[in-house]
Amino acid sequence: MSLNHKTISELHELLVSKEISAVELTQETLSDIKKREEAIGSFVTIAEETALAQAAALDEKGIDADNVMAGIPLAVKDNISTKGILTTAASKMLYNYEPIFDATAVANAYTKDMIVIGKTNMDEFAMGSSGETSYFGTTKNAWDQTKVPGGSSSGSAAAVASGQVRLSLGSDTGGSIRQPAAFNGIVGLKPTYGTVSRFGLIAFGSSLDQIGPFAPTVEENAQLLNVIAGKDAKDATSAPLEIADYTSKIGQDIKGMKIALPKEYLGEGIDPKIKENILAAAKHFEKLGAVVEEVSLPHSKYGVAVYYIIASSEASSNLQRFDGIRYGFRAEDATNLEEIYVNTRSQGFGEEVKRRIMLGTFSLSSGYYDAYFKKAGQVRTLIIQDFEKIFADYDLILGPTAPTVAFDLDSLTHDPVAMYLADLLTIPVNLAGLPGISLPSGFVDGLPVGLQLIGPKYSEEIIYQAAAAFEATTDYHKQQPIIFGGAN
């Protein structure tokens, strides 16, 4: 059995007792990556030399018995800055970019002696819901390589689900952690906006982006959030939080917890089999002692439209920095400054990125700003108020993570609107800055289904408590795809 079948706590015991070394764990992880990489396509860069050097230095220093993450390999989404390791955002525009600094989330992982094993594939500049817009090729679903892995954190999710790594980091702007976690049958958390520093995250939608953890289990997910969360002076949007122990409520029962089930989350556009699965999960929570009641989030139906105006407008602004002058790709067929800008951006950005830049630029343009961007901001406030009303009476909201299971590769790439609707159930959480988790809740047509739990701001411990109670009394998280030695 591969070491990647063992939990972080089990691996920590082996490292502390010196039954394995950090170098051996890193070597086996690299071996697992290489064995499965051709089938899955999870990585843009495998940082073999630097990872083994870190592991060797750690073995020399010794594993801290009180630090459960010491020596544990970590995969990092390729839009999160890593000093000296290629960071491309899966775009031709940054095909050769090696940062001179680490993102705060990565620096925090290094502080805990974690080992960055490589950079994971993704939708270009995090713009996509299927893992198909990367300049470096498509990532495949761990359970069925003819299906999409979800996006934009496609590689981070598929790498964990396929047993290439135990832990990874992704980013979530409109569902980009939770949706691929659902499609790959693992646990993915989008933290409250500001809980994890955005310093070093290549910006897409600055008011929406948030870095978060992927793991096979709820506890391991919380253990990784413990590492990366915290106030950061380098990020003006970082929340002034004392770092809590996000595992503190795991194992506590949920008797009396009030959970809301929005009727809109089980309505039009939701696969009937997904609805059935989520209703069964709601009944399971009731058996565990929670009170589950139907509620309404009336403005959630506007979430997709609002999101694609706000996110695209922010992207239009953020992506102006990629101009071929300072770093990354530069078109060679330019004879003056204007041609450098135009040709570089025309050749360097993919179709989906260009589509969103144009949509955002239009929404911000003179004569259209009030009708689109300003109006979207007003409706965003209504969505936030809907959530606030629910959380006045309930601890958590329950629903599906995605309206369907993973769909076929290349089935929605020519229909952008249908692709955007794949984020129907995750987008409102980003618009409101709330925390949300996706965890496995069963299978439909042999593919994993994700259950989403949403909480008020800074309620990650309660989300983990409820998620862990569900996980402890079901065995969906124990089932693994064939590529990871499972029977499915």
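Residues numbered from 1 in each chain as written. Predicted model: local features only at pLDDT ≥ 70, side-chain atom pairs only at ≥ 80, totals over all residues. Heavy atoms only, no water.

Engineer: Account for the side chain of Ser168, naming residues and giving values.
Structural biologist: For Ser168, the location among the structural elements is in strand E4 (residues 168-171). Take Ser168: its relative accessible area is 0%, and that puts it in the buried class. In terms of polar contacts, Ser168 uses its side chain to reach the backbone carbonyl oxygen of Ser156, at 2.9 Å. With near-sequence residues (within four places) excluded, Ser168 lies in contact with Leu74, Ala75, Ser156, Val160, Gly212, Pro213, Phe214 and Leu224. (Helix = DSSP H or I, 4+ residues; strand = E, 2+ residues; numbered from the N terminus. Buried < 20%, exposed > 50% of the residue type's maximum accessible area, 1.4 Å probe, protein only. Polar contact = N/O pair within 3.5 Å; in protein donor to acceptor, adjacent residues only side chain to side chain. Contact = heavy atoms within 4.5 Å.)

Engineer: Please give an account of the pattern of salt bridges that cites residues and values.
Structural biologist: Applying the stated criterion to the full structure yields 13 salt bridges. When the shortest N-O distance is used, the salt bridge between Lys35 and Asp32 registers 3.7 Å. Of this pair, Lys35 and Asp32 are both found in helix H2 (residues 22-40), 3 residues apart, which corresponds to roughly one turn of the helix. Relative accessible area serves as the criterion here: at 59%, Lys35 is assigned to the exposed category. The exposure class assigned to Asp32 is buried, which follows from its relative accessible area of 2%. The shortest N-O distance in the salt bridge between Arg326 and Asp323 comes to 3.2 Å. Judged by its relative accessible area of 12%, Asp323 falls in the buried class. Each of Asp32, Lys35 and Arg36 takes part in one network of salt bridges that share partners. (Salt bridge = Lys/Arg side-chain N within 4 Å of Asp/Glu carboxyl O.)

Engineer: Outline the side chain of Lys190, listing residues and values.
Structural biologist: When you line up the elements, Lys190 lands in strand E5 (residues 187-190). One buried charge, Lys190, has no salt-bridge partner; the nearest side chain with opposite charge is Asp172, at 6.3 Å. A polar atom in the side chain of Lys190 sits 2.6 Å from the backbone oxygen of Leu434. Sequence-distant contacts of Lys190, defined by excluding residues within four places in its chain, comprise Asp172, Arg178, Gln210, Val429, Asn430, Gly433, Leu434, Pro435 and Gly436. (Lys, Arg positive; Asp, Glu negative; His and termini not counted.)

Engineer: Break down the pairing of strand E6 (residues 211-215) for me, citing the residues and quoting the values.
Structural biologist: Most of E6 sits out of view: 5 of its 5 residues are buried. Two strands pair when backbone bridges link them, and E5 and E6 are joined in this way by 2 bridges, in the antiparallel orientation. Across the sheet, residue Gly188 finds its bridge partner in E6, namely Phe214. (Pairing = 2+ DSSP bridges.)

Engineer: An account of the sheet that holds strand E7 (residues 258-262) is requested, with residue identities and associated values reported.
Structural biologist: Within the open sheet, the 11 strands sit side by side as E1-E3-E2-E4-E6-E5-E10-E11-E9-E7-E8. Their pairing is mixed. Every interior strand has two partners, whereas the edge strands, strand E1 (43-46) and strand E8 (291-295), have only one. On average, each strand axis in the sheet is tilted by 30° relative to the strand beside it, whichever way the strands run. Both strand E9 (residues 396-400) and strand E11 (residues 447-454) contribute to a ladder of 4 bridges, which runs antiparallel. Bridging from a neighbouring strand, Leu398 pairs with Leu453 of E11. Against the sheet, H2 engages E1, strand E2 (73-77) and strand E3 (115-120), with an angle of about 15° to E3. (Axes fitted to C-alpha atoms, helices over the stretch in contact; angles between N-to-C directions.)

Engineer: Tell me what's going on with the UniProt feature "domain: Amidase" (unreviewed entry) in the chain, and back it up with residues and numbers.
Structural biologist: According to UniProt, the positions carrying the feature "domain: Amidase" (unreviewed entry) are residues 24-461. Helix makes up 36% of residues 24-461 and strand 14%, with an end-to-end C-alpha separation of 33 Å. (UniProt positions renumbered as here; feature names shortened; annotations may be inferred.)

Engineer: Provide a residue-level description of the packing of helix H7 (residues 218-228) against helix H15 (residues 460-472), including the pertinent values.
Structural biologist: Where H7 contacts H15, the two axes come as close as 9 Å, and the packing angle between them is 160°. It follows that H7 is roughly antiparallel to H15 by the angle criterion. Contact residues: Val218, Asn221, Ala222 and Leu225 in H7; Glu460, Tyr464, Ala467, Ala468 and Glu471 in H15. Taken together, the residues that form the contact of H7 with H15 break down as 6 nonpolar, 1 polar and 2 charged. (Parallel < 35°, antiparallel > 145°, perpendicular 65-115°, else oblique. Nonpolar A, V, L, I, M, F, W, Y, C, P; charged D, E, K, R; others polar.)

Engineer: Provide a residue-level description of the UniProt feature "active site" (unreviewed entry) in the chain, including the pertinent values.
Structural biologist: With numbering matched to this structure, UniProt assigns "active site" (unreviewed entry) to Lys77, Ser152 and Ser176. These annotated residues cover 100 residues of sequence, and their C-alpha atoms lie no more than 11.0 Å from one another, placing them together at a single site. Among the residues examined, Lys77 registers a relative accessible area of 0% and is labelled buried. Relative to the helices and strands, Ser176 resides in the loop between E4 and helix H6 (178-184). Discounting residues that sit within four places of it in the chain, Ser176 has contacts with Lys77, Ala126, Gly128, Gly151, Ser152, Ser153, Ser171 and Phe214. A polar atom in the side chain of Ser176 sits 3.0 Å from the backbone nitrogen of Ser152.

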